[in-house]
Amino acid sequence: MKNLLKVFLIDDEPLALKRLSRLLLETEKVEIIGQTTEPLKALQIIPNIQLDAIFLDIQMPELSGFD
């Protein structure tokens, strides 16, 4: 069994999130363990899960990717 990178995706645009998800899954090197279009919701979820990487949009309402 492959050792997949566990990732979480955040983007306020649903179509961009769907495309990113599809592209990452095509690599067969990641497991998407969560995703959301709401950055504040991500702040509640992420501390409670184990992950290797976060893919996020930089410009989002409420919080930027840098926040």
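Scroll up to find the structure this text is about.
Just so it is clear, the model here is predicted, and its values are computed rather than measured. Within any chain, residue numbers begin from 1 and follow the written order of that chain's sequence. Predicted model: local features are reported for residues with pLDDT of at least 70 only, side-chain atom pairs are reported and counted for 80 or more only, and whole-chain, interface and lining totals are derived from all residues. Remark: hydrogens and water are excluded; side-chain values derive from all non-hydrogen atoms of the structure.

## Quick look at the pairing of strand β2 (residues 30-36)
Inference 1: Here strand β1 (residues 5-10) runs beside β2; their pairing, made up of six bridges, is parallel. Along β2, the bridge assignment pairs Ile 10 with Thr 36. Strand pairing is defined by DSSP finding a minimum of two bridges between the two strands. Helix and strand assignments come from DSSP, with helices taken as H or I runs of at least 4 residues and strands as E runs of at least 2, each series counted from the N terminus.

## Some remarks on the pattern of salt bridges
Inference 1: The rule for a salt bridge is simple: a side-chain nitrogen of Lys or Arg has to be within 4 Å of a carboxyl oxygen of Asp or Glu. Considering all chains together, one arrives at one salt bridge under this definition.
Inference 2: Across the salt bridge formed by Arg 22 and Glu 26, the nearest N and O atoms sit 3.4 Å from each other. Taken together, the positions of Arg 22 and Glu 26, both in helix α1 (residues 14-26) and four residues apart, correspond to about one turn of that helix.
Inference 3: In this structure Glu 26 comes out as exposed when scored by relative accessible area, which is 53%. Relative accessibility under 20% of the residue-type maximum defines a buried residue, over 50% an exposed one, and the middle range a partly exposed one, all with a 1.4 Å probe and only protein chains included.

## As for unusual backbone geometry
Inference 1: Despite not being glycine, Glu 28 has its phi angle at roughly 60°, a positive value.
Inference 2: Accessibility expressed as a relative area gives 51% for Glu 28, which makes it exposed.

## So, the sheet that holds β1
Inference 1: Spatially, β2-β1-β3 is the arrangement adopted by the three strands of the open sheet, whose pairing is parallel. Of all strands in the sheet, those with a lone pairing partner are β2 and β3 (53-56), marking the two edges. Here the strands of the sheet are splayed against their neighbours by 25° on average, with no regard to which way each runs.
Inference 2: Two residues form a contact once any of their heavy atoms are found within 4.5 Å. Axis lines are fitted to C-alpha atoms, over the contacting stretch for helices. Their N-to-C directions set the angle, which ranges from 0 to 180 degrees. Against the sheet, α1 makes contact with β1, β2 and β3, and its axis sits at roughly 170° relative to β2, the strand it touches most.

## With respect to the nonpolar core
Inference 1: If you look at the biggest cluster of nonpolar residues, it comprises five residues: Val 7, Leu 9, Leu 17, Leu 24 and Val 30.
Inference 2: Beyond its immediate sequence surroundings of up to four residues, Val 30 is in contact with Leu 4, Leu 5, Val 7, Leu 24 and Leu 25. Buried residues of nine kinds, namely Ala, Val, Leu, Ile, Met, Phe, Trp, Tyr and Cys, make up a nonpolar core once their side-chain atoms join them within 4.5 Å.

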